[in-house]
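Each chain, letter by letter, is given below.
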Amino acid sequence: MAGCLYQQLASADVIPLEFTAARNTVNRFVQDNDGYKLLYSLITPIIQHDDITTTPQMKDCSDIHEYALKVTSFFNNELLCGRLYRQKEQVSHFLAGLETDPQFLPAVKRACNLLEVGNKTDPSVPDALKLAVLPETIERYMKEENGPAIIRVAPTRKKWNKLW
């Protein structure tokens, strides 16, 4: 089969004589008479290799929603390349990229604390830290951090009994 392919590719009708680079490649495989090696060597220079993508950084984006879109695109690209990330890994990558902008550090620390609570071997994340709602959660943390103080009062014994 490889010999038949070589004979077809060696024909001047398939690769004309004026294409000297391709004809030199054909002549290089005369001894092997292997059409598959010849075809591969002809195609190798034009094969595009996948670009290596890195996790987006917040410093390169104008707001958190643009950053979230870039991170989602990054994970979709990684999924298409066969690289799977668990939810906790996705959130960790999101927060690591968000740390590059100093204004988000308090919210990132709070989200990291929430992420670390619970079972260390469980790959799931709390609902507030799912990748789809994480930008809103970070924005809410930022408003709470920069807004008026929120005072949480523990219910008195009388109110506590009513709750039960």
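Only a predicted model underlies this, so the values are computations on that prediction, with no experimental measurement involved.

A. Summary view of the overall build of the chain. Within the chain one finds eight helices and zero strands. For the chain, the α and β elements follow one another from N to C terminus as α-α-α-α-α-α-α-α. Relative to its full complement of 164 residues, the chain shows a buried share of 27%. Long-range contacts, defined here as pairs at least 24 residues apart, represent 56% of the contacts in the chain between residues at least 6 apart.

B. Layout of the nonpolar core. Membership of the largest hydrophobic core comes to 24 residues, with the highest contact counts inside it found for Tyr67, Phe94, Leu95, Leu98, Phe104, Leu134 and Ile138. Where this core is concerned, the elements lending two or more residues are helix 4 (64-80), helix 5 (87-98), helix 6 (105-116) and helix 7 (134-146). Looking at this core, the element that brings in the most residues is helix 4, giving six residues. Sequence-distant contacts of leucine 95, defined by excluding residues within four places in its chain, comprise Val108, Ala111, Cys112 and Ile138. Within the second largest apolar cluster, six residues are counted, among which are Tyr6, Val26, Phe29 and Leu38.

C. Up close: unusual backbone geometry. One non-glycine residue with positive phi stands out, namely asparagine 33, at about 55°. In this fold, asparagine 33 is placed in the loop between helix 2 (20-28) and helix 3 (35-43). For asparagine 33, a relative accessible area of 32% translates into the label partly exposed.

D. Just helix 1 (residues 2-10), in detail. Listing the buried residues of helix 1 in full gives Ala2, Tyr6 and Leu9. Buried residues of helix 1, viewed axially, fall in a sector of 65°; they line one side. Among the exposed residues of helix 1, those pointing more than 90 degrees away from its buried face are Cys4 and Gln8. Looking at the buried positions of helix 1, the neighbouring elements they touch are helix 2 and helix 3.

E. Broad picture of the pattern of salt bridges. Under the counting rule described, the total for this entry stands at four salt bridges. Residues glutamate 78 and arginine 83 are paired through a salt bridge, measuring 2.7 Å at the closest nitrogen-oxygen approach. Classification of glutamate 78 as buried rests on a relative accessible area of 4%. Bridged by salt links that share partners, the residues Arg110, Arg140 and Glu144 form one connected network.

Conventions adopted
- Residues numbered from 1 in each chain as written.
- Predicted model: local features only at pLDDT ≥ 70, side-chain atom pairs only at ≥ 80, totals over all residues.
- Heavy atoms only, no water.
- Helix = DSSP H or I, 4+ residues; strand = E, 2+ residues; numbered from the N terminus.
- Buried < 20%, exposed > 50% of the residue type's maximum accessible area, 1.4 Å probe, protein only.
- Contact = heavy atoms within 4.5 Å.
- Core = buried A, V, L, I, M, F, W, Y, C linked by side-chain atoms within 4.5 Å.
- Arc of directions from axis to C-beta.
- Salt bridge = Lys/Arg side-chain N within 4 Å of Asp/Glu carboxyl O.

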